[in-house]
Amino acid sequence: PASSQWWKSAVVYQIYPRSFQDSDGDGIGDLQGILQRLDHLERLGVDVIWLSPIYPSPQADNGYDISDYQGIDPVFGTLDDFDELLTALHSRGMRLVMDLVVNHTSDEHPWFVQSRSSIHSAKRDWYIWRPPRAGHAPGEPDREPTNWESFFSGPTWTLDPETGEYYLHLFARKQPDLNWENPEVRQAVYEMMRWWLDRGVDGFRMDVINLISKNPDYPDGPVRPGAEYGDGFAHYSAGPRLHEYLQEMRREVFDGRGSLLTVGETPGVTKDAAPLFSDPARRELDMVFQFEHVSLDHGNGKFRPRALEPGELAASFTEWQDALADAGWNSLYLANHDQPRPVSRFGDAGEWWRESATALATVLHLQRGTPYVYQGEELGMTNAPFHAIEDYRDVESLNYYADAVTRGEKPERVLSGLMRMSRDHARTPVQWDASANAGFSTVVPWIAVNPNHRHVNAQAQYGDAASVFSHYRALIALRHRLPVVADGDFERLDVGAPAVFAFRRTLGAQRLLVIANLSSSAVTPHLPEAEREYWRDERLILNNVDGEDRADAALSPWEAKVYAR
Ligand code: ISL
């Protein structure tokens, strides 16, 4: 039924609470801070808020290392603050989705503390423990159970000296992986999820949910020339029981609960596999985040990025639109707390800052799928001008730097990679106004404010009809107003210029035409004859540059136009 798929016409806004708004003057954002900024969210018009983790945590990975699933970290507030926020969002007609991080816990979670205490612990099997492997040759030291490299550098295994076994952690050492093969683990997770739903939350964003089932044989992965560890991705992602677990979760947690939103974070998911998660007939998730478009610029690894060719981004989006046209549903995003800022990465944050931020937003929001806005994206926030390693905070960046420099890479080279790709670019405080700490806090925040907050900030944009904020607002309103945006078919148009992303959306007699120049040079699109004929009497409903109305007119750099009929 249509109402159970309400999220097709919804827009989700992601809050990274640490960096959103500080209310108590400790330099870290918190729940009361979010409550102070609800007018911003309502003005933007978003329907759903996804909160990055706020649970008690040692903060080794900014809360993606949870030590108690059923509480609030004091740095963010209390359960009372949480209930107040949930009620306030609901009363303004917004829903709240929690971050569910259940591939791993913190090593300080009582489950892991108990698990590591003894080989005979009742919770031993809640995590993934393996004995050491014998060294390569007699006399050589024992080694890890597999050769896999972790996401945050170094091996995925850490030896626990107490019991002489290794535990698996696909991420940092302080993030041991739960053993989903154990039914007690799954029941404990489901029970916790029901507890949040009973409290009134409206769904979950599921962290690396395609990693919860591993290949039970634990094979080694291929080793790149010169690398110390192997790539285990094929063995620890999309394991044999993944879909069984998700279907079980659906039955045990979601059935009979009404209009929720479930979105899986699935790095490495392919176009063939995506519908397995999100085809409603399979009763798993509503949608997943794919990673293809945010991997296009990875060169020899993420921190040695390469420049994109004109049209690569549009081509990737188009393939995903086509792949999920019949079954499954796309999550549309350019930004989140793990990615550099899209205007710096895919746009032109210098001369064409406003134009490129709004053009990218236009092509994203008018595709078929559910758009996600990451805090600050709606203001055109850019990458931070970090230069020294001391400017960074993220465990991934810090570990990578230490590892690369130890291997003999030049520090300046490593830093130039971080300057483009560090997750910290997404984590600088939201720029509310031009004051000293950008209106985020009364004190110097936990990570530096971007100095461009003097001109890139919310205050300066609210009243300006041409601002990035106003453009996002208009795009969100369009999705709510025109069914063709939510439900229409997608078809890319060949206009003879790869840098131009032109597409048509169709729903019965309703049509939408989007034409956007995703480059910093002027270009003339050649619309197919029939299309030119169809749009002859214009009907331009949204643009980002004062240009010519005709659909086949030359486009200035980053000009984007939307026609509807
Ligand atoms: O940004 C990445 C590292 O280059 C991604 O590979 C990221 O680690 C991956 O998308 C998983 O991300 C999620 O789980 C991590 C957490 O650090 C991220 O913040 C979260 O979004 C571990 O919980």
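Quick notes on the rules
Residues numbered from 1 in each chain as written. Predicted model: local features only at pLDDT ≥ 70, side-chain atom pairs only at ≥ 80, totals over all residues. Helix = DSSP H or I, 4+ residues; strand = E, 2+ residues; numbered from the N terminus. Rg over C-alpha atoms; globule rule 2.2 N^0.38 Å. Contact = placed C-beta atoms within 7 Å. Axes fitted to C-alpha atoms, helices over the stretch in contact; angles between N-to-C directions. Parallel < 35°, antiparallel > 145°, perpendicular 65-115°, else oblique. Left-handed = near helix turned anticlockwise from the far one by under 90°. Nonpolar A, V, L, I, M, F, W, Y, C, P; charged D, E, K, R; others polar. Near = placed C-beta within 6 Å. Pairing = 2+ DSSP bridges. Domains from an automatic or database assignment. UniProt positions renumbered as here; feature names shortened; annotations may be inferred. Buried ≥ 20, exposed ≤ 12 C-beta atoms within 10 Å, placed from the backbone. Core = buried A, V, L, I, M, F, W, Y, C linked by C-beta atoms within 7 Å. Arc of directions from axis to C-beta. Expected span 1.5 Å × (residues − 1).

A look at the overall build of the chain
- In terms of regular secondary structure, the chain is built from 17 helices and 16 strands.
- What you see for the chain is a C-alpha radius of gyration of 24 Å, in line with the 24 Å of a compact globule of 565 residues.
- The principal-axis extents of the C-alpha atoms in the chain amount to approximately 80 × 55 × 50 Å.
- Within the chain, residue pairs in contact and separated by at least 24 positions form 65% of the contacts whose partners lie at least 6 positions apart.

A closer look at the packing of helix α11 (residues 353-365) against helix α15 (residues 468-481)
- Packing of α11 against α15 leaves a shortest axis separation of 9 Å and a crossing angle of 15 degrees. Classified by the angle their axes make, α11 and α15 are roughly parallel. For the element pair α11 and α15, the recorded crossing hand is right-handed. Contacts between α11 and α15 involve R354, A357, T358, A361, T362 and H365 on the former and, on the latter, V468, H471, Y472, L475 and R479.
- Partitioned by chemical class, the residues of the contact of α11 with α15 number five nonpolar, four polar and two charged.

What about the site of the ligand?
- Looking at the ligand, there are 14 residues lining it, with D61, Y64, F171, P267 and D338 nearest.
- Looking at the shell around the ligand residue by residue, the classes come out as six nonpolar, one polar and seven charged.

Re the sheet that holds strand β13 (residues 500-507)
- Pairing within the open sheet is antiparallel, and its five strands lie in the order β12-β13-β14-β16-β15. Looking at the sheet topology across the chains shown, the edges are occupied by β12 (489-493) and β15 (540-543). Averaged over all pairs of adjacent strands, the angle between strand axes in this sheet comes to 20 degrees, irrespective of strand direction.
- In the packing of α11 onto the sheet, the strands contacted are β13, β14 (510-517) and β16 (560-564), and the crossing angle to β14 comes to about 145 degrees.

Notes on the domain arrangement of the chain
- Under the domain assignment used here, the chain contains domain 1 (8-105 + 182-208 + 261-468), domain 2 (110-168) and domain 3 (489-564).
- Taking the mean C-alpha position of each, domain 1 and domain 3 sit 30 Å from one another.
- Counting residues at the interface gives 18 residues for domain 1, matched by 21 residues for domain 3.
- Secondary-structure elements contributing two or more residues to the side of domain 1 that touches domain 3 are α9 (312-323) and α11.
- Top contributing element to the side of domain 1 that touches domain 3 by residue count: α11, with six residues.

Topic: the sheet that holds strand β5 (residues 157-160)
- The antiparallel open sheet is built from three strands, whose spatial order is β4-β6-β5. Either end of the sheet is taken by a strand with one partner, and the two such strands are β4 (129-130) and β5.
- The pairing of β5 with strand β6 (residues 165-168) spans four bridges and is classified as antiparallel. What sits directly across from W157, in β6, is L168.

Structural notes on the UniProt feature "domain: Glycosyl hydrolase family 13 catalytic" (unreviewed entry) in the chain
- What UniProt calls "domain: Glycosyl hydrolase family 13 catalytic" (unreviewed entry) maps, in this numbering, to residues 14-427.
- Structurally, residues 14-427 comprises 30% helix and 10% strand, and the distance from its first C-alpha atom to its last is 12 Å.

Brief notes about unusual backbone geometry
- We note that V208 has phi near 30 degrees; this positive angle belongs to a residue other than glycine.
- Within the fold, V208 resides in the loop between β7 (203-206) and α6 (233-236).

A few points about the environment of D494
- Within the fold, D494 resides in the loop between β12 and β13.
- Taking the C-beta count within 10 Å as the criterion, D494 has 12 such neighbours and is therefore assigned exposed.
- For the pair D494 and T442, spaced 52 residues apart in sequence, the C-alpha to C-alpha distance is 52 Å.

Observations concerning the environment of H455
- As for its position among the elements, H455 is in the loop between α13 (411-421) and α14 (458-462).
- With 24 residues separating them in the primary sequence, H455 and Q431 have C-alpha atoms 9.4 Å apart.

Topic: the packing of helix α12 (residues 395-406) against α13
- The N-to-C vectors of α12 and α13 enclose an angle of 155 degrees; their axes lie 10 Å apart at closest approach. It follows that α12 is roughly antiparallel to α13 by the angle criterion. The handedness of the crossing between α12 and α13 comes out as right-handed. Within the contact between the two elements, α12 uses S397, Y401, A404 and V405 and α13 uses P411, V414 and L418.

Remarks on the nonpolar core
- Ranked by internal contacts, the top residues of the largest apolar core, which has 138 residues, are V46, I49, L360, V514 and A516.
- Leave out the neighbours within four places in its chain, and I49 touches Y13, I15, L41, L89, M94, L96 and V97.
- Membership of the second largest hydrophobic core comes to 11 residues, among which are Y392, Y401, V414 and L418.

Focus on α13
- Of all the residues in α13, the buried ones are V414, L415, G417, L418 and M421. Down the axis of α13, the buried side of the element spans an arc of 155 degrees, and every buried residue falls inside it. In α13, the exposed positions angled more than 90 degrees off the buried face are occupied by E412 and R413.
- Next to the buried residues of α13 lie α12.

Examining helix α5 (residues 183-199)
- Along its 17 residues, α5 runs 25 Å from first to last C-alpha, staying within 8% of the 24 Å computed at 1.5 Å per residue.
- Looking only at α5, the buried set comprises V189, M193 and W196. When α5 is viewed along its axis, its buried side chains cluster within an angular range of 60 degrees and face the same direction. Counted as exposed and oriented over 90 degrees from the buried face of α5: P183, E184, Q187, W195 and D198.
- Of the surrounding secondary structure, the elements contacted by the buried residues of α5 are β3 (95-100), β7 and α7 (242-254).

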